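Observations on the model geometry
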Amino acid sequence: MSQVVTEAMVRVEDVHKSYGHGTAAVHALRGVSFEVPRGELVALRGRSGSGKTTLLNIVGGLDVPDAGRVRVDGRDLAELDEDGLLALRRDRVGFVFQSFGLVPILTAAENVGVPMRLRRAAPREREERVGLLLSLVGLAEHAAQRPGELSGGQQQRVAIARALANNPALLVADEPTGQLDAETGHAVMELLRAVVRSEQVTALVATHDATLLDLADRVLELRDGEIVEQ
Ligand SMILES: Nc1ncnc2c1ncn2[C@@H]1O[C@H](COP(=O)(O)OP(=O)(O)O)[C@@H](O)[C@H]1O
Ligand SMILES: [Mg+2]
């Protein structure tokens, strides 16, 4: 009956993706299938070039597969037009990237508020939520600082707060600790772990840092574009 409620947050079925053509073609994904259950933190491991970024971009609606089906939060991505994908990325999916991706001239608070401006949230609502999120990531005292005045770990915390701004159902993080030292990276991963519990969000996190895997509810491994059994 309540299929939509019980369905996994992410359902990927036999997804293929190649770049280029003919003998120069690179098969980045070769028939990938998996699910991310609601409320779980799933880690996607695999060495460089194994297809992690390609897969995350497809799940987040930034790229389209050559074949296969992708369902996110009950929606078949193939059935969404450009506006539909835009709305999905803005309202349902929060992205965190290795390189933080903050706007250098904006303060931490302004960066967190950007996604809410894009959906034209009322200024009062925006300010309240930004304050809440900066507290959540432990940066309430740093709201007025620009990215260049923050450490790498703090910048990634701002990026996580920004990813949560519009109350997404799904967090997609592509090697979020890749530019951080081991200790800071662990703290960022612990923050993601805590956020998945407290904000009722689901997360798919690519990493090649083995020490982060024990924080995940489950671990998927990509090897040369295929999921290998654990
Ligand atoms: N835009 C692109 N054009 C051509 N080849 C690409 C492109 N993006 C990724 N690839 C190739 O696809 C494969 C998977 O890349 P990627 O998804 O970035 O892996 P990972 O994130 O695990 O390092 C690699 O062989 C990579 O070189
Ligand atoms: Mg990558």
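Definitions and limits used
- Residues numbered from 1 in each chain as written.
- Chains lettered and ligands numbered in written order.
- Predicted model: local features only at pLDDT ≥ 70, side-chain atom pairs only at ≥ 80, totals over all residues.
- Heavy atoms only, no water.
- Pairing = 2+ DSSP bridges.
- Helix = DSSP H or I, 4+ residues; strand = E, 2+ residues; numbered from the N terminus.
- Phe/Tyr/Trp six-rings, centres within 6.5 Å; stacked < 30°, edge-to-face > 60°.
- Buried < 20%, exposed > 50% of the residue type's maximum accessible area, 1.4 Å probe, protein only.
- Near = heavy atom within 4 Å.
- Polar contact = N/O pair within 3.5 Å; in protein donor to acceptor, adjacent residues only side chain to side chain.
- Areas by Shrake-Rupley, 256 points an atom, 1.4 Å probe, with all protein chains shown as cover.
- Core = buried A, V, L, I, M, F, W, Y, C linked by side-chain atoms within 4.5 Å.
- Contact = heavy atoms within 4.5 Å.

Looking up the protein in an unreviewed UniProt entry gives the name ABC transporter ATP-binding protein, with the organism given as Streptomyces viridiviolaceus.

The strands that make up a sheet are held in pairs by hydrogen bonds between backbone atoms, and each pair lies either parallel or antiparallel. With antiparallel pairing, the four strands of this open sheet are ordered in space as 2-1-4-5. Whereas interior strands pair on both sides, the edge strands pair on one side only; in this sheet they are strand 2 (26–36) and strand 5 (75–76). Pairing of strand 4 (residues 67–72) with strand 5 involves two bridges; the strand directions are antiparallel. Looking at the pairing, Val-72 lines up with Arg-75 of strand 5.

Another aspect to go through is the packing of aromatic side chains. Using the criterion set out here, one finds one aromatic pair in the structure. A ring pair is formed by Phe-95 and Phe-97, whose centres lie 6.0 Å apart and whose planes are at 5°; its orientation type is stacked. The exposure class assigned to Phe-95 is buried, which follows from its relative accessible area of 15%. Residue Phe-97 is classed as partly exposed on the basis of its relative accessible area of 34%.

Next up on the list: the site of ligand 1. The environment of ligand 1 is made up of Tyr-19, Val-26, Ala-28, Arg-47, Ser-48, Gly-49, Ser-50, Gly-51, Lys-52, Thr-53 and Thr-54. The separation between an oxygen atom of ligand 1 and a polar side-chain atom of Thr-54 is 2.6 Å. Its free accessible area being 560 Å², ligand 1 has 59% of it covered by the protein chains. Listing elements by their share of the shell around ligand 1, those giving two or more residues are strand 2 and helix 2 (52–59). Looking at which element gives the most residues to the shell around ligand 1, the answer is helix 2, with three residues.

Now for the nonpolar core. Counting residues in hydrophobic clusters, the biggest one holds 39 residues, and the most contacted among them are Leu-41, Val-112, Val-158, Ile-160, Leu-171, Met-189 and Val-205. Elements supplying a minimum of two residues to this core: strand 3 (41–45), helix 4 (108–118), helix 5 (123–136), helix 6 (152–163), strand 7 (170–174), helix 7 (182–198) and strand 8 (202–207). Take this core: its biggest share by element is six residues, from helix 7. With near-sequence residues (within four places) excluded, Leu-171 lies in contact with Gly-94, Ala-163, Leu-164, Leu-192, Val-195, Val-201, Thr-202, Ala-203 and Leu-204. Grouped together as the second largest cluster of nonpolar side chains are 28 residues, Val-70, Val-72, Ala-169 and Leu-222 included.

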